[in-house]
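Each chain, written out:
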Amino acid sequence: MDPLRQSPSPCSSRPSSPKTPPCEMHGYVGIEDVLDQLKIKAMKMGFEFNIMVVGQSGLGKSTMVSTLFKSKVWKCTLPGRGMPIPQTLQLKSVTHVIEEKGVKLKLTVTDTPGFGDQINNDKCLRPLDIELLQRLCRTVNVVPVIARADSLTLEEREAFRRRIQHNLRTHCIEVYPQKCFDEDINDRILNSKIRDRIPFAVVGSDQEYLVNGRCVLGRKTKWGIIEVENMAHCEFLLLRDLLIRSHLQDLKDITHNVHYENYRVCRLNESHVLPRGPCWVNLAPTPPGPPVAPGPSKVCRQAREDSDD
């Protein structure tokens, strides 16, 4: 007889009872099982993603968001041909739950209708655009795009892209993905390719057409169909891959761990100069010597001005 079979196991030496069920072998257990637990939890809770689109009226911002997530996010009727586009300065937010293959995404889209409609747009980036981007890049992840790219030739598109990149560098506007957050060589190589193509030249459409026996998203013109998901026509696929396929979680992490934390610390420091009260927070001991009225730092002062705007 095999000697290994003569020595009873700890489970067999203990009598089974309704209160103490016999031990069962469930297979190999390792720390990688945590990934399965995280996946199950994420499937139950779903994901949240907030996005704000900024631009002039009629650029197709709502259409682009609907094309990105393949869902009718904005349920509104467009004005008829020849009718003026309604303009307002009120921010509009819409929350939409998207489900695909059992995964739920709670998408919140904020639109900025009427942004800069009354300002001349002869130059590449207007002073309003530069001021807005300089403020936004300190608070959120900014991904610029060239809207309605089908109205430009390939040469005009590339020249326009280079002018925008030059303006971004000149005015020290850090767009996503930022160089300081490249963690390893693989991220650096991938993000460098992305930064070289920003701003993406995109075309949005929620209409399907039959092209060569297959249905495609596109815009119909007199000379043919402009395919949204065709890299020869536009760079919409690059934008969708960046926002959803490869960098969605990184966008959320940077927003939470960097932008929000910077905002939170700034607000807490601002509370230090306020009169003592229920919300007063003492972040630093009082220095020795005569009392000096503390003043907010330049960053905090700028953040306060942004919140007042």
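Coordinates for the structure precede this section.
Overview of the structure. Each chain carries its own residue numbering, running from 1 in the direction its sequence is written. Local features in this predicted model are restricted to residues of pLDDT 70 or higher, and side-chain atom pairs are both shown and tallied only at a pLDDT of 80 or more, whereas totals for entire chains, interfaces and linings draw on every residue. Note that water and hydrogens are dropped before the side-chain values are worked out from all heavy atoms of the structure.

1. What about the overall build of the chain?
Scanning the chain from terminus to terminus reveals 10 helices and eight strands. Burial classes follow relative accessibility: with a 1.4 Å probe on protein chains only, a residue under 20% of its type's maximum area counts as buried, one over 50% as exposed, and anything between as partly exposed. The proportion of buried residues among the 309 residues of the chain is 29%. By the convention used here, residues are in contact when the closest approach between their heavy atoms is within 4.5 Å. Taking the contacts inside the chain whose residues are at least 6 apart along the sequence as the reference set, 60% of them involve residues at least 24 apart. Only carbon and sulfur atoms are counted for the fraction: they give 57% of the accessible area of the chain, which is about 21900 Å². Helix and strand assignments follow DSSP, with helices taken as H or I runs no shorter than four residues and strands as E runs no shorter than two, numbered in order from the N terminus. All accessible areas in this document rest on Shrake-Rupley with a 1.4 Å probe, and a residue is counted as covered only by the protein chains that are shown.

2. Here's the deal with the pattern of salt bridges
Opposite charge on two side chains allows them to pair when their charged atoms are near. We define a salt bridge as a contact between a side-chain nitrogen of Lys or Arg and a carboxyl oxygen of Asp or Glu at a distance within 4 Å. Throughout the structure, instances matching the rule amount to 13 salt bridges. With its nearest N and O atoms 2.7 Å apart, the salt bridge here joins arginine 240 to glutamate 229. One end of the pair, arginine 240, is in helix 8 (residues 236-246); the other, glutamate 229, is in the loop between strand 8 (224-227) and helix 8, with 11 residues separating them in the sequence.

3. Examining the packing of aromatic side chains
Pairing of aromatic rings covers Phe, Tyr and the six-membered ring of Trp, with a centre-to-centre limit of 6.5 Å; geometry is then stacked below 30 degrees between planes, edge-to-face above 60, and tilted otherwise. Counted according to the given criterion, the structure contains one aromatic pair. Seen from their ring centres, phenylalanine 49 and phenylalanine 69 are 6.5 Å apart, and the 55 degrees between their planes marks the pair as tilted. Pair noted here: phenylalanine 49 is in strand 1 (residues 47-54) and phenylalanine 69 is in helix 4 (residues 61-69), with a separation of 20 residues, a long-range link.

4. Some remarks on a nonpolar patch on the surface
Together, Val34, Leu35 and Leu38 line one region of the surface with nonpolar side chains, adding up to about 290 Å² of accessible area. Structurally, leucine 35 can be placed in helix 3 (residues 33-45). The exposure class assigned to leucine 35 is exposed, which follows from its relative accessible area of 59%. The patches described consist of residues with a relative accessible area above 30% and no salt bridge, like charges being joined within 9 Å and nonpolar side chains (Val, Leu, Ile, Met, Phe, Trp, Tyr) within 5 Å.

5. Let's talk about the nonpolar core
The nonpolar core is taken to be a set of buried Ala, Val, Leu, Ile, Met, Phe, Trp, Tyr and Cys residues, with the residues joined through side-chain atoms within 4.5 Å. Of all hydrophobic cores here, the largest spans 42 residues; its most connected members are Phe49, Phe69, Leu107, Leu168, Ile173, Phe200 and Leu239. Of all the elements in the fold, those that place two or more residues in this core are strand 1, helix 4, strand 3 (103-112), helix 5 (127-136), helix 6 (154-170), strand 5 (200-201), helix 8 and helix 9 (248-272). Leaving out residues up to four positions away in the same chain, phenylalanine 200 has contacts with Val143, Pro144, Val145, Ile146, Arg161, Ile194, Glu235, Leu238, Leu239 and Leu242.

6. Things to note about a negative patch on the surface
By the counting scheme adopted, Arg and Lys are positive, Glu and Asp are negative, and His together with the chain ends is not counted. Working definition for charges: the position is that of NZ of Lys, CZ of Arg, CG of Asp or CD of Glu. Among the surface-exposed residues, Glu183, Asp184, Asp250 and Asp253 lie close enough to one another that they form a single negatively charged patch. As for its placement among the helices and strands, aspartate 184 is situated in the loop between helix 6 and helix 7 (185-197).

7. Section: the sheet that holds strand 6 (residues 208-211)
Pairing between strands requires that DSSP locate at least two bridges from one strand to the other. If you walk across this open sheet you meet the three strands as 6-7-8, and the pairing is antiparallel. Of all the strands in the sheet, just strand 6 and strand 8 have a single pairing partner and so form its edges. Taking the axes of each pair of neighbouring strands and ignoring which way they run, one obtains an average angle of 70 degrees across the sheet. Bridge count for strand 7 (residues 214-221) against strand 8 is four bridges, and the pairing is antiparallel. Considered in strand 8, the bridge of glycine 218 is made with glutamate 227. Fitted lines through C-alpha atoms give the axes, limited to the stretch in contact for helices. The angle between two N-to-C directions lies from 0 to 180 degrees.

8. Some thoughts on the packing of helix 6 against helix 7
Interhelical geometry of helix 6 versus helix 7 gives an angle of 110 degrees and a closest axis separation of 9 Å. In terms of axis orientation, helix 6 runs roughly perpendicular to helix 7. Two secondary-structure elements touch here, helix 6 through Glu158, Arg161, Arg162 and Gln165 and helix 7 through Arg195, Asp196 and Arg197. Ten residue types, Ala, Val, Leu, Ile, Met, Phe, Trp, Tyr, Cys and Pro, are classed as nonpolar, four, Asp, Glu, Lys and Arg, as charged, and the remainder, Gly among them, as polar. Residue composition of the contact of helix 6 with helix 7, by class: no nonpolar, one polar and six charged. Convention used here: angles under 35 degrees read as roughly parallel, angles over 145 as roughly antiparallel, angles from 65 to 115 as roughly perpendicular, and any remaining angle as oblique.

9. Observations concerning the pairing of strand 2 (residues 92-100)
Note that strand 2 and strand 3 share nine bridges and pair antiparallel. Paired with glutamate 100 across the two strands is valine 103, which belongs to strand 3. Hairpin geometry of strand 2 and strand 3 is characterised by an intervening segment of two residues between the two adjacent antiparallel strands and by a positive phi of about 55 degrees at lysine 101.

10. Concerning the sheet that holds strand 2
Strand order in the open sheet formed by three strands is 1-3-2, and the pairing between neighbours is mixed. Edge positions in the sheet fall to strand 1 and strand 2, since each has one partner strand and no second. The sheet shows a mean angle of 20 degrees between the axes of neighbouring strands, direction not considered.

11. Thoughts on unusual backbone geometry
Along the chain, tyrosine 176 connects to proline 177 via a cis peptide bond; the corresponding omega equals 0 degrees. One can find proline 177 in the loop between helix 6 and helix 7. Across the junction of isoleucine 198 and proline 199, the peptide omega takes the value 0 degrees, indicating a cis bond. Here arginine 148, not a glycine, exhibits a phi torsion of approximately 50 degrees, which is positive. Turning to its location among the elements, arginine 148 is positioned in the loop between strand 4 (145-146) and helix 6. The backbone phi angle of asparagine 212 is positive, close to 55 degrees, even though this residue is not glycine. By the element assignment, asparagine 212 lies in the loop between strand 6 and strand 7.

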